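# Structure at a glance
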Amino acid sequence: MKLSIETAKSLGALNTFGINAKAERFAVLQQRSQLDDLMAHCRAEGGAFFLGGGSNILLTRDLPGLTIQVDLRGVAIDRTHAAGIRVTAAAGENWHAFVMHLIDQQVPGLENLALIPGTVGASPIQNIGAYGLEVMERIASVEVLDWQSGEILQLAASDCRFAYRDSIFKHHPGHWLVLSVTFLCPHPAEWQPVVGYKELHDMLERETGGPATSASPRQVADAVIAIRSRKLPDPRKIGNAGSFFKNPVVTPLECEALLQAHPDLVHYPQADGTFKLAAGWLIDRCGWKGRIAGAAGVHENQALVLVNRGGASGADVVALSQAIQSDVHDRFGVTLEPEPVFL
Ligand SMILES: Cc1cc2nc3c(=O)[nH]c(=O)nc-3n(C[C@H](O)[C@H](O)[C@H](O)COP(=O)(O)OP(=O)(O)OC[C@H]3O[C@@H](n4cnc5c(N)ncnc54)[C@H](O)[C@@H]3O)c2cc1C
């Protein structure tokens, strides 16, 4: 089946920042039977931009060439393995709806990642994470199409080079189209809630009246949803891409030097001996929380979230992000790295 190609397609409603930009050519991939046609277009154009829910991109210009929105659907649950429940979901499934569907089907394991916007297919790209869990902990394999060779490959999780907000896919943009992701979730009898994140732990104890470690998957998801809804601005109300910067990771020596100058520095020890700093705290200390920069700005409650106050261009957001990076670097000597993909 052929793709239906539109020209000069507005992407304003297809990115959560709400930036008005156009795709020169645009098509929605809805069925695997369209893959041969997709490959022919990709080869003719030298590639394409693969779009999911547009919740981790910053459009800085109209996109030249072909943009493919991935809308493949389907979820299959296989309970026949002793090691866990294998769930394969097509790339276009909405992430949050997928997490809630699994809870309805008594498949635990992804509840800490409830309410993250976007699609299943994008979840391995930056190894999404929240409230003490990274998706790499549940991914068994990622099915990809290499449009240049025409091969469909199953990349094992160990091939994906997952790291904090990082994977092999981030380093080879546009090389593979993610078709589906297979997760290995614990059997309910073996599942343990992940409640190390203090705010989540405390809310669960308050809401359930028992120990957080006895919470059910749905209770964990409900608590995560409640915390996120309170803390993070809703992109339907004000354009944003969630956390705009990654939390920087520093060596023990760097952390020690920073602590001497700033005893209240928010820092988290990592398993490998490094320290993760709270980017939001660094930005807040530079006085950026709530500041307005034309049509762009920093959210009034979340220094880590840059917002489109209405009519901002990608260039407005880039200029704001660079001013923040420069201030944080001058004050703390720390380089902030943006989380969204700049296009
Ligand atoms: C309010 C808000 C809160 C957020 N909270 C979190 C959070 O807690 N944790 C977190 O990790 N992230 C968070 N994010 C970021 C974002 O939701 C995730 O990164 C999400 O996985 C992006 O999914 P998407 O489908 O929107 O991807 P898009 O923004 O469409 O694309 C992102 C990247 O993935 C690539 N891509 C997408 N689909 C495919 C595919 N099928 N094949 C190949 N490449 C593909 C794109 O080319 C692009 O490079 C948040 C964003 C918002 C707006």
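Below, the structure is looked at part by part. Note that the coordinates shown come from a computational prediction; the quantities given were computed from them, not determined experimentally.

Cut-offs applied
Residues numbered from 1 in each chain as written. Predicted model: local features only at pLDDT ≥ 70, side-chain atom pairs only at ≥ 80, totals over all residues. Helix = DSSP H or I, 4+ residues; strand = E, 2+ residues; numbered from the N terminus. Buried ≥ 20, exposed ≤ 12 C-beta atoms within 10 Å, placed from the backbone. Contact = placed C-beta atoms within 7 Å. Near = placed C-beta within 6 Å. Nonpolar A, V, L, I, M, F, W, Y, C, P; charged D, E, K, R; others polar. Pairing = 2+ DSSP bridges.

### Focus on the environment of Leu29
Structurally, Leu29 is set in strand β2 (residues 22-29). Leu29 sits in the buried class, given 22 other C-beta atoms within 10 Å. Measuring from C-alpha to C-alpha, the distance between Leu29 and Lys2 comes to 9.6 Å, with 27 residues separating the pair along the chain. Dropping the residues within four chain positions of it, Leu29 is found in contact with Leu3, Gln34, Leu38, Ile68, Gln69, Val70, Asp71 and Leu72.

### Quick word on the site of the ligand
With respect to spatial proximity, 33 residues lie near the ligand, and among them Gly52, Gly53, Gly118, Gly121 and Gly242 are the closest. Contributing elements (two or more residues each) for the shell around the ligand: β3 (49-51), β8 (129-130) and β12 (176-185). Split into classes, the residues belonging to the shell around the ligand amount to 19 nonpolar, 14 polar and no charged.

### Here's the deal with the pairing of strand β7 (residues 85-90)
As paired elements, strand β6 (residues 75-78) and β7 share four bridges and run antiparallel to each other. Each residue of the ladder has a partner; that of Ala76, found in β7, is Thr88. For β7 and β12, the ladder comprises six bridges, and the chain directions are antiparallel. Paired with Val87 across the strands is Phe183, a residue of β12.

### Structural notes on the pairing of strand β10 (residues 139-146)
As paired strands, β10 and β12 are joined by seven bridges and run antiparallel to one another. What sits directly across from Val144, in β12, is Val178. Across six bridges, β10 lies against strand β11 (residues 151-156) in antiparallel orientation. Looking across to β11, one finds that Val144 is bridged to Leu153. What sits between the antiparallel neighbours β10 and β11 is a turn of four residues, in which Gly150 has the positive phi angle 85°.

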